[in-house]
Amino acid sequence: MASSIRSILAGAGSYLPERIVTNDEMAATLDTSDAWIRERTGIRQRHRAGPSETTAAMATAAARRALAFAGVDASAVDLIIVGTSTPDQAFPSVAVRVQAMLGIERGFGFDVSAACAGFVYALSLADELIRCGRCRGALVIGSERFSRILDYTDRSTCVLFGDGAGAVFLRASEGEGNDGILSTHLHAQGSLGDILFVDGAVGVADAAGTPLSGKLRMNGREVFRHAVHRLTETVEEALAANHLLATDIDWLVPHQANIRIIDSMGRKLGIQQSRVVVTVDRHANTSAASIPLALTEAMTDGRAAKGQLVLLEALGGGLVWGSALVRL
Ligand code: COA
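Let me sum up the structure you'll find in this document. (Residues numbered from 1 in each chain as written. Predicted model: local features only at pLDDT ≥ 70, side-chain atom pairs only at ≥ 80, totals over all residues. Heavy atoms only, no water.)

1. Re the site of the ligand
- Neighbouring residues of the ligand: 23 residues in total, closest Thr32, Arg40, Arg155, Arg221 and Asn258.
- Arg221 places a side-chain nitrogen or oxygen 2.6 Å from an oxygen atom of the ligand.
- Expressed as a share of its isolated accessible area of 960 Å², the protein-covered part of the ligand is 75%.
- Among the detected pockets, the ligand sits in the largest pocket. (Near = heavy atom within 4 Å. Polar contact = N/O pair within 3.5 Å; in protein donor to acceptor, adjacent residues only side chain to side chain. Areas by Shrake-Rupley, 256 points an atom, 1.4 Å probe, with all protein chains shown as cover. 1 Å grid on protein atoms, 1.4 Å probe; cavity = no way out; pocket = protein on both sides within 12 Å on 5 of 7 lines; lining within 4 Å. Sits in = over half its atoms within 2 Å of the grid points.)

2. Some remarks on the sheet that holds strand β12 (residues 309–316)
- Spatial strand order, β8-β13-β12-β11: four strands in an open sheet with mixed pairing. Each edge of the open sheet carries a strand with a single partner, namely β8 (180–188) and β11 (251–254). Taking each pair of neighbouring strands and ignoring which way they run, the sheet shows an average axis angle of 10°.
- Note: β8 against strand β13 (residues 320–327), eight bridges, orientation antiparallel. By the bridge assignment, His187 is partnered in β13 with Trp321.
- In the packing of helix α7 (residues 220–241) onto the sheet, contacts are made with β8, β12 and β13, and the angle to β12 comes to roughly 145°. (Pairing = 2+ DSSP bridges. Helix = DSSP H or I, 4+ residues; strand = E, 2+ residues; numbered from the N terminus. Axes fitted to C-alpha atoms, helices over the stretch in contact; angles between N-to-C directions. Contact = heavy atoms within 4.5 Å.)

3. Things to note about the layout of surface pockets
- By volume, the largest pocket amounts to about 960 Å³.
- Along its surface, the largest pocket is lined by 42 residues, and Leu160, Phe161, Leu196, Met218 and Gly220 are the ones closest to its centre.
- Elements with a minimum of two residues in the lining of the largest pocket: α2 (34–41), α6 (155–158), β9 (196–198), β10 (216–218), α7, α8 (259–269) and β12.
- Element by element, the count of residues in the lining of the largest pocket is highest for α7, at six residues.
- When residues of the lining of the largest pocket are assigned to domains, at least three map to each of domain 1 (2–173) and domain 2 (180–327).
- Estimates place the volume of the second largest pocket at around 420 Å³.
- Contributing to the lining of the second largest pocket are 18 residues, with Ser85, Thr86, Pro87, Arg148 and Val202 lying nearest its centre.
- Shared between two domains, the lining of the second largest pocket takes at least three residues from each, and those domains are domain 1 (2–173) and domain 2 (180–327). (Points joined across faces, edges and corners; volume = space filled by probe spheres on them. Domains from an automatic or database assignment.)

Right, dumping it as structure tokens:
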């Protein structure tokens, strides 16, 4: 028998590191320019974490704001899932570090490794765990310090990414209503793993025994091509599953990688630009944090309101991609 429990998105919060790095600052040490970066990506600046702005610290700051938005305290949390590719340590997970920083001891938590689709993956898992009755209050967080895995001599990647964190609080509801997470769809194609990856991990060394700390490597053109195609497909899949048209969506909150990807998708789907939440100009690509950062902005500046339909979609290294449709 189908469960009648659903997950309500009760609050959102985010954290951005204090330090802002402009395109001009990048161009001071790299063969690039503000004009090139803006024209090809839409990015004007990115935030870069300082030593105390760890993945867990940023995640906790975002989580506290999401809890405050929802009007609950940390005792309402019995699940924490963090989407991240840049944890501070191989283990413990960022999720349980957040649990400790929030001062709670109940429930359980773990990290999800799904690159830029990490938040959508984490949201889908949390929704399933709530629906099957395993928990009643879930923090779903995306937190990333991509500045640690960038090769600052590679102009085709290092200008694209930034640091930050975003979080939502989901609560179980058994009452009547049509709000909450309406659907999630997840996909993966591991055969495309070599077009966007990190060339190292804890304990991995090259043939000479030199540790490979791991830097992001990407075939930008290939990723771009697959992103437009797969993301359009997953949005269409979400609309079809819910018997909706693109015009029914109040807000599209896409993963923020490149304004050209966002615009071509919007055009293909016939979604008006004014209905698309864009932060890539100010945040750059913050990987798993980009959707909750953008969603928080739209939910706190008066755009995304209760009762509205919000469609989230992301694609990342793997390739992995997916979507979530939420009624606020
Ligand atoms: N500044 C100046 N020139 C740059 C540059 C930079 N930061 N980065 C690359 N270039 C140069 C290249 O070296 C190349 O020069 P060449 O023609 O002399 O060889 C030229 O610009 C064109 O490179 P190309 O890769 O064709 O550019 P592009 O229009 O495809 O834009 C990306 C490059 C990376 C911005 C684009 O491919 C992209 O956004 N891809 C998707 C990446 C992404 O979103 N990844 C994350 C997904 S989660």
